[in-house]
Amino acid sequence: MAHFFKIDPAKPLSEREVEALFHSSTDGFIIGGTDQVTAENTAFYYERLMETDKQLFLEISHAEMVLPYADQFLVPMVLNSPDAKWVVGKFVEALREFSPHVPFKRITPLGYVILNAEAKAAKLTRANAALEKKDITAYAELAEHFLKLPVLYIEYSGTFGDTELVREAKAVLKETKLWYGGGIKSREQAAEMHEYADAIVVGNLIYENFEEALKTAEIVR
Ligand code: 1GP
């Protein structure tokens, strides 16, 4: 069971806040965002956060975010996009360009299922967010048995998700871990989702209510 903070390189964090995040109970940090993410702001936050003794992942949503010195990369494949570009196409392009210098051992592919239709990532990838329990179970089985992905990421960014749906997905997973992210605004919500997911990810709350964001990490103490 784990808790991660998602740090958006396009949003400001003070030195004091970075220190407080370091001293929180979280298991680690994922640097990732959708808008206005550049090589410069990604490097700025990566270099500040790399002093942590917690886990630190760089989630790649744009090629310019790739920092060669980063230790662990997360690569999201949007399983419920109808556009193959977001499932495999982008990665084939990147592999063509960077082969044979791709550090496969430092890359964790994430099978994203985006379930908030209003989220920017959902719009960008045209993800089919109108999924029923049977669909989400099918995606979970696809991730585990066909694609053999290490992580299925249920993404509700901006809104708190359906715990029942998360529970159904988790019930069919054995090897593949379930990470949940989206709309966690309190310690209570963090604890609730944490019952079903192997890891929860807290993003926007860091920028909306910093003190409450810190409290969400206490659930893994
Ligand atoms: C975003 O899933 C994360 O990718 C977290 O979502 O910003 O809504 O917490 P929030």
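Before reading on, note that the structure itself is shown above.
Here the structure is a predicted model, which is why all the values come from computation and not from measurement.

Concerning the overall build of the protein
Next up, step 1: Looking only at helices and strands, the protein features nine helices and eight strands.
Next up, step 2: Computed over C-alpha atoms, the radius of gyration of the protein comes to 16 Å, within 12% of the 17 Å expected from 2.2 N^0.38 for 221 residues, which places it in the range of a compact globule.
Next up, step 3: On the principal axes, the C-alpha backbone points of the protein span a range of 45 × 45 × 30 Å.
Next up, step 4: Per-residue burial for the protein yields a buried fraction of 51% across its 221 residues.
Next up, step 5: Residue pairs in contact within the protein that sit at least 24 positions apart in sequence constitute 69% of those at least 6 positions apart.
Next up, step 6: Of the roughly 11000 Å² of accessible surface on the protein, 52% is carried by carbon and sulfur atoms.
Next up, step 7: Of the side-chain charges in the protein, 24 are positive and 34 negative, and the distance between the mean point of each set is 3 Å.

A short note on the site of the ligand
Next up, step 1: The immediate surroundings of the ligand are formed by K6, Y153, E155, S157, G158, G181, G182, G183, V201, G203 and N204.
Next up, step 2: Take N204: an N or O atom from its main chain is 2.8 Å from an oxygen atom of the ligand.
Next up, step 3: Isolated, the ligand exposes 300 Å² of accessible area, and the fraction of that covered by the protein chains is 94%.
Next up, step 4: Within the shell around the ligand, the residues separate by chemical class into two nonpolar, seven polar and two charged.

Overview of the sheet that holds strand 3 (residues 55-59)
Next up, step 1: Spatially, 1-2-3-4-5-6-7-8 is the arrangement adopted by the eight strands of the closed barrel, whose pairing is parallel. Each neighbouring strand pair of the sheet contributes to a mean axis angle of 30°, computed without reference to strand direction.
Next up, step 2: As paired strands, strand 1 (residues 2-7) and strand 8 (residues 199-202) are joined by four bridges and run parallel to one another. The partner of A2 across the bridge, within strand 8, is A199.
Next up, step 3: Each of strand 5 (107-114) and strand 6 (151-155) touches helix 5 (residues 133-146); the most contacted strand, strand 6, lies at about 150° to it.

A word on unusual backbone geometry
Next up, step 1: Between S99 and the following residue, P100, the backbone shows a cis peptide bond with an omega angle of 0°.
Next up, step 2: Examined against the element boundaries, P100 turns out to sit in the loop between helix 3 (84-98) and strand 5.
Next up, step 3: Positioned with a positive phi, Q36 is a non-glycine residue whose angle comes to about 50°.
Next up, step 4: Structurally, the position occupied by Q36 is in the loop between strand 2 (28-31) and helix 2 (39-49).

Notes on the pattern of salt bridges
Side chains that differ in sign of charge can pair as their charged atoms come close.
Next up, step 1: In the structure shown here, the tally under the stated rule is 11 salt bridges.
Next up, step 2: With a closest N to O distance of 3.4 Å, K123 and E118 form a salt bridge.
Next up, step 3: One salt-bridge network, in which partners are shared between bridges, spans E164, R167 and E168.

A look at the environment of T42
Next up, step 1: Tracing the chain through its elements places T42 in helix 2.
Next up, step 2: Along the chain, T42 and E64 lie 22 residues apart, while their C-alpha atoms are 8.9 Å from each other.
Next up, step 3: In this structure T42 touches P9, V37, L58, M65 and L67, once residues within four positions along its chain are discounted.
Next up, step 4: Within the structure, the side chain of T42 is placed 2.7 Å from the backbone oxygen of T38, a separation counted as a polar contact.

A closer look at the nonpolar core
Next up, step 1: With 54 residues, the main nonpolar core has F5, I7, L58, L79, L152, I154 and Y180 as its most contacted residues.
Next up, step 2: Among residues more than four places away in sequence, those in contact with Y180 are I154, Y156, T159, F160, G161, V166, M193, A197, A199, I200 and V201.
Next up, step 3: Counting residues in each nonpolar core, the second largest holds 18 residues, with F4, I30, W179 and V201 among its members.

Focus on the pairing of strand 2
Next up, step 1: Side-chain alternation along strand 2 places G28 and I30 on one buried face and F29 and I31 on a second face that is also buried.
Next up, step 2: Judged from the four bridges that link them, strand 1 and strand 2 form a sheet pairing that is parallel. Its bridge partner being in strand 2, I7 is matched across the sheet by I31.
Next up, step 3: The parallel pair strand 1 and strand 2, bridged by helix 1 (residues 15-22), forms a crossover whose chirality is right-handed.
Next up, step 4: Bridge count for strand 2 against strand 3 is four bridges, and the pairing is parallel. The partner of I30 across the bridge, within strand 3, is F57.
Next up, step 5: Handedness of the crossover is the feature at issue here: the chain leaves strand 2, passes through helix 2, returns alongside strand 3, and the resulting connection is right-handed.

Cut-offs and rules
- Residues numbered from 1 in each chain as written.
- Predicted model: local features only at pLDDT ≥ 70, side-chain atom pairs only at ≥ 80, totals over all residues.
- Heavy atoms only, no water.
- Helix = DSSP H or I, 4+ residues; strand = E, 2+ residues; numbered from the N terminus.
- Rg over C-alpha atoms; globule rule 2.2 N^0.38 Å.
- Buried < 20%, exposed > 50% of the residue type's maximum accessible area, 1.4 Å probe, protein only.
- Contact = heavy atoms within 4.5 Å.
- Areas by Shrake-Rupley, 256 points an atom, 1.4 Å probe, with all protein chains shown as cover.
- Lys, Arg positive; Asp, Glu negative; His and termini not counted.
- Charge placed at Lys NZ, Arg CZ, Asp CG, Glu CD.
- Near = heavy atom within 4 Å.
- Polar contact = N/O pair within 3.5 Å; in protein donor to acceptor, adjacent residues only side chain to side chain.
- Nonpolar A, V, L, I, M, F, W, Y, C, P; charged D, E, K, R; others polar.
- Pairing = 2+ DSSP bridges.
- Axes fitted to C-alpha atoms, helices over the stretch in contact; angles between N-to-C directions.
- Salt bridge = Lys/Arg side-chain N within 4 Å of Asp/Glu carboxyl O.
- Core = buried A, V, L, I, M, F, W, Y, C linked by side-chain atoms within 4.5 Å.
- Right-handed = clockwise from strand over helix to strand, strands pointing away.

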